[in-house]
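Each chain is listed here by its residues.
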Amino acid sequence: MSTLPMEVLHMFGDTIMKVVPITIVLAVVFTVLTHFWACNPGKPWWRKSEIVTDICYWFFVPLITRVVRVGLLVLGAAVVFNIHGADDLIAFYDNGHGPLAQLPLWVQAIIFLVVSDFLLYWFHRMYHGGEFWKYHAIHHSSEEVEWISAARFHPVNLFLGTVAVDVVLLMAGISPNIMLWVGPFTTFHSAFVHANLTGPSGRSNMSSPRRSSIAGITPRWSRAAIPISPARSRSGTSCSAPSGCRKVSCRTITASMASRCRRRSAGNWPIRSGN
Ligand SMILES: [Zn+2]
């Protein structure tokens, strides 16, 4: 077997070895949290509908995004900076480059989070537009949203989204060493905003980002509009109210249940986190 397939296989193995312990930690954390603060109590996350689909996405997406990210970084260095060869590429990316890499790592991490959040917010708005909705609808297809639903993405949505933003920022000079902190934070944040949790004051852990985000900066909320009525969702309609919480005591459910239901399309989903 040639070197490249072996390296890709090694990369897959390395990624899985990182994803498994993170998944176990998240599973324990959200099992405990939803035991006490479930928005829709009575059904643990592992008994949610389409759990196998979510698990497949959960483990497959990190593999494919890592390979594509590395490929684009190599391509970008060659095309933009005329850098070729493994040693030169490692030297170029290892600790970042240019003025951004001179900043303390924690400053680079903040820049990365703010800029990526801003860009992903506008990507997300784009995906809710008519032409791009077909690449994003899968992310909103869960009828029971849980932390494990966070990785459901169409490949186009992934590549023209988080992967593109990561590549642009790393090519701009940000050190990949920030991922030691940023990676766990964004993974937990993404799982958290999809989790079946009630928020402060009894509201569901979800809200329209138009209300909860300033210029698209974190936090972005993702559970805003899962279909409230299983019967209606099966028929292809969904409620337009900014809540997917089925908890009877939840303040938002009354408005949700009373709201008009209409056909599910790009336009009647509130904009929210795409990751
Ligand atoms: Zn969306």
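### A word on the overall build of the protein
Point 1. Across its full length, the protein holds 10 helices and 2 strands.
Point 2. Written out in order from the N terminus, the α and β elements of the protein read α-α-α-α-α-α-α-α-α-β-α-β.
Point 3. Out of the 275 residues belonging to the protein, those deemed buried represent 33%.

### Structural notes on the nonpolar core
Point 1. Residues Phe30, Trp147, Ala191 and Ala195 are the most contacted members of the largest nonpolar core, which totals 16 residues.
Point 2. Only helix H1 (3-37) and helix H6 (155-171) provide two or more residues apiece to this core.
Point 3. By size, the runner-up hydrophobic cluster in this structure holds 8 residues, among which are Leu170, Ile174, Ile178 and Val182.

### Considerations on unusual backbone geometry
Point 1. Despite not being glycine, Glu50 has its phi angle at roughly 60°, a positive value.
Point 2. The residue Asn82 is not glycine, and still its phi comes out positive at about 55°.

### Some points on the packing of H1 against helix H2 (residues 51-81)
Point 1. The N-to-C vectors of H1 and H2 enclose an angle of 135°; their axes lie 9 Å apart at closest approach. Classified by the angle between their axes, H1 and H2 sit oblique to one another. In terms of crossing hand, the pair formed by H1 and H2 is right-handed. On the side of H1, the interface is formed by Val8, Met11, Phe12, Thr15, Ile16, Val19 and Thr23, while H2 contributes Trp58, Phe59, Pro62, Leu63, Arg66 and Val67.

### What about the packing of H2 against H6?
Point 1. The N-to-C vectors of H2 and H6 enclose an angle of 45°; their axes lie 9 Å apart at closest approach. Classed by the angle they form, the pair H2 and H6 counts as oblique. Between H2 and H6 lies a crossing of right-handed hand. Side by side, H2 and H6 meet where Val61, Thr65, Val68, Arg69, Leu72, Leu73, Gly76 and Val80 of the first sit next to Leu158, Phe159, Thr162, Val163, Asp166, Val167, Leu170 and Met171 of the second.
Point 2. Looking at the contact of H2 with H6 residue by residue, the classes come out as 11 nonpolar, 3 polar and 2 charged.

### Topic: the environment of Trp147
Point 1. Following the sequence through the fold, Trp147 ends up in the loop between helix H5 (105-127) and H6.
Point 2. Each C-alpha atom of the pair Trp147 and Leu197 lies 9.4 Å from the other, and the pair is 50 residues apart in sequence.

### Let's talk about H5
Point 1. With 23 residues, H5 ought to run about 33 Å at 1.5 Å a step, and its terminal C-alpha atoms sit 32 Å apart, in line with that.
Point 2. Taken residue by residue, H5 has Gln108, Ala109, Phe112, Ser116, Asp117, Leu120, Tyr121, Phe123, His124 and Tyr127 as its buried positions.
Point 3. Along its buried surface, H5 packs onto helix H4 (98-101), H6 and helix H7 (179-194).

### A few points about the confidence of the model for the protein
Point 1. When pLDDT is averaged across the protein, the result is 77; 71% of the residues are at 70 or more.
Point 2. Looking across the protein, the model is least confident in helix H9 (residues 230-234), with a mean pLDDT of 32, and most confident in H5, with 96.
Point 3. Within the model, pLDDT remains below 50 along residues 206-275, and this stretch shows 155 contacts once partners closer than five positions in the same chain are excluded.

The rules behind the values
Residues numbered from 1 in each chain as written. Predicted model: local features only at pLDDT ≥ 70, side-chain atom pairs only at ≥ 80, totals over all residues. Helix = DSSP H or I, 4+ residues; strand = E, 2+ residues; numbered from the N terminus. Buried ≥ 20, exposed ≤ 12 C-beta atoms within 10 Å, placed from the backbone. Core = buried A, V, L, I, M, F, W, Y, C linked by C-beta atoms within 7 Å. Axes fitted to C-alpha atoms, helices over the stretch in contact; angles between N-to-C directions. Parallel < 35°, antiparallel > 145°, perpendicular 65-115°, else oblique. Left-handed = near helix turned anticlockwise from the far one by under 90°. Contact = placed C-beta atoms within 7 Å. Nonpolar A, V, L, I, M, F, W, Y, C, P; charged D, E, K, R; others polar. Expected span 1.5 Å × (residues − 1). pLDDT = per-residue confidence, 0-100.

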